[in-house]
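Topology and contacts: notes
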Amino acid sequence: MLLKQSTKCNQQTPLHMELLNINEHPWHMHDDKTMEIIYVLQGSLRCSLSIYSSILQAGDIAVVNTETLHHYNSSDDNIVLICHLYLNHFSSLMPEIENTLIICNSASAAEFDKHYELLKNAFAKTAAHYFNIKPPAQDELMDSCINFLSTLYNHFNYLAHDGASIRNENTMKKRPLQAERIKRVMHYIYENIAGNIRLEDIAAKEYISKYYLSREYKKTYGITIGSDLTARRLSHA
């Protein structure tokens, strides 16, 4: 089952947090400038983003970008802190954050461990302010959110786009090619998964040849678009 969720933004707070025991959460995405953060407190959780899947253990943190297809499942008796950050609350202070592709999953961390520790500390402070919130603490909650987003932007920012222009914001990343384009392609596939999707139609929307798109897609993800479509239809039927 595929779900497209619109997370309603509380005008009084820039985020929503909840503690959950997750066994199965269907494929879905958020389409209203909502960033999702997952922090596993106990047990484990399989986090799947499109064709990628990783197992988050206790202490792991991961970020799901807005309009990104994702799914969770687990057989553990887990406790997971889910946070929805409403990016429109920060548009005046951090306008670039809405147009940034964040790559953040500590389960696959290899070389930026200290940055994950900084991020976890910033997230813990945000959670502390959220769950202990009183009217006078609203400014402190906003400040902690900005600190968390700044840490994300400074250390886990992969690409940013400005209209038709795409910039590589993090020179430490080895393969930034096509990341934003592939994200749009995945979004198109999600929107039209029940219909007749043709490689030619996707390529036309990106103003490139179907051969170039197919080659770059496989180079980026190690799988052809055709194989990806078949797998999605079988698993999401």
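Structure: above.
Note that the structure is a prediction, hence the values are computed from the model and not measured. Sequence positions are assigned chain by chain, starting from 1 and proceeding in written order. Residue-level local features of this predicted model are given only where pLDDT is at least 70; pairs of side-chain atoms are given and counted only at 80 or more, and the full residue set underlies all totals for whole chains, interfaces and linings. Side-chain measures were taken over the full set of non-hydrogen atoms in the model, leaving aside hydrogen atoms and water.

Description of the overall build of the chain
- In terms of regular secondary structure, the chain is built from six helices and twelve strands.
- Relative accessible area decides the class of each residue, using a 1.4 Å probe on protein chains only: under 20% of the type maximum gives buried, over 50% gives exposed, and in between gives partly exposed. Scored against the burial criterion, the 237 residues of the chain give a buried share of 46%.
- Taking as baseline every contact in the chain between residues at least 6 positions apart, the subset at least 24 positions apart corresponds to 72%.
- Residue exposure ignores everything except the shown protein chains as possible cover, and the areas themselves are Shrake-Rupley values with a 1.4 Å probe. For the chain, the accessible area works out to roughly 12100 Å², and carbon and sulfur atoms hold 51% of it. A run of H or I in DSSP becomes a helix once it reaches four residues, and a run of E becomes a strand once it reaches two; helices and strands are each numbered from the N terminus. For this analysis, residues touch if any pair of their heavy atoms sits within 4.5 Å.

Notes on the packing of aromatic side chains
- Side-chain rings of Phe, Tyr and Trp, where Trp is taken by its six-membered ring, are said to pair if the distance between their centres is within 6.5 Å; with planes under 30 degrees apart they count as stacked, over 60 as edge-to-face, and otherwise as tilted. Across all of its chains, the model carries four aromatic pairs by this definition.
- A ring pair is formed by Y39 and F123, whose centres lie 6.0 Å apart and whose planes are at 35°; its orientation type is tilted. Taken as a pair, Y39 in strand β4 (residues 34–42) and F123 in helix α1 (residues 113–131) lie far apart in primary sequence, 84 residues in all. For the pair Y39 and F123, one class covers both residues: buried.
- An aromatic cluster of at least three residues, connected via ring pairs, comprises Y39, F123 and F148.

Things to note about the nonpolar core
- Counting residues in hydrophobic clusters, the biggest one holds 29 residues, and the most contacted among them are M35, I37, L85, F123, F148, L149 and L152.
- Top contributing element to this core by residue count: helix α2 (residues 138–156), with seven residues.
- Those residues in contact with L152 that lie beyond four places of it in its chain are M35, V63, I102, C104, L119 and N157.
- Counting residues in hydrophobic clusters, the runner-up holds 13 residues, among them Y188, I193, A203 and Y217. Take the buried residues of types Ala, Val, Leu, Ile, Met, Phe, Trp, Tyr and Cys, join any two whose side-chain atoms come within 4.5 Å, and each joined set is a nonpolar core.

Here we look at a nonpolar patch on the surface
- Surface patches are defined over residues having more than 30% relative accessible area and no salt bridge, joining like charges when they lie within 9 Å and nonpolar side chains (Val, Leu, Ile, Met, Phe, Trp, Tyr) when within 5 Å. Salt bridges, as used here, are contacts in which a Lys or Arg side-chain nitrogen is within 4 Å of a carboxyl oxygen on Asp or Glu. A cluster of nonpolar residues, L19, L41, I79 and F131, forms a patch on the protein surface that exposes about 360 Å² of accessible area.
- Take L41: it is sitting in strand β4.

Considering the packing of α1 against α2
- Orientation of α1 relative to α2, taken along the N-to-C sense of each, is 160°, at an axis distance of 9 Å. When the axis of α1 is compared with that of α2, the two are roughly antiparallel. In this structure, the crossing between α1 and α2 has a hand that is left-handed. Contacts from H115, Y116, L118, L119, A122, F123, K125, T126, H129 and Y130 of α1 reach α2 at E140, L141, S144, C145, N147, F148, T151, L152, H155 and F156.
- Each residue gets one of three labels, nonpolar for Ala, Val, Leu, Ile, Met, Phe, Trp, Tyr, Cys and Pro, charged for Asp, Glu, Lys and Arg, and polar for the others, Gly among them. Of the residues contributing to the contact of α1 with α2, the split by class is eleven nonpolar, seven polar and two charged. Between N-to-C directions, angles cover 0 to 180 degrees, with each direction set by a line fitted to C-alpha atoms, over the stretch in contact for helices. When an angle is under 35 degrees it counts as roughly parallel; over 145 it counts as roughly antiparallel; between 65 and 115 it counts as roughly perpendicular; any other value is oblique. Crossings are assigned a handedness: left-handed for a near helix turned anticlockwise from the far helix by less than a right angle, right-handed for a clockwise turn.

A look at the sheet that holds strand β9 (residues 79–86)
- Spatially, β2-β9-β4-β7 is the arrangement adopted by the four strands of the open sheet, whose pairing is antiparallel. Each edge of the sheet is formed by a strand with only one pairing partner; in this case those strands are β2 (15–20) and β7 (61–64). For this sheet, the mean inter-axis angle between neighbouring strands, taken without regard to orientation, is 15°.
- Only when DSSP finds a minimum of two bridges between them are two strands counted as paired. Of the pairings in the sheet, the one linking β4 to β9 comprises eight bridges and is antiparallel in character. Bridged to Q42 within β9 is I79.

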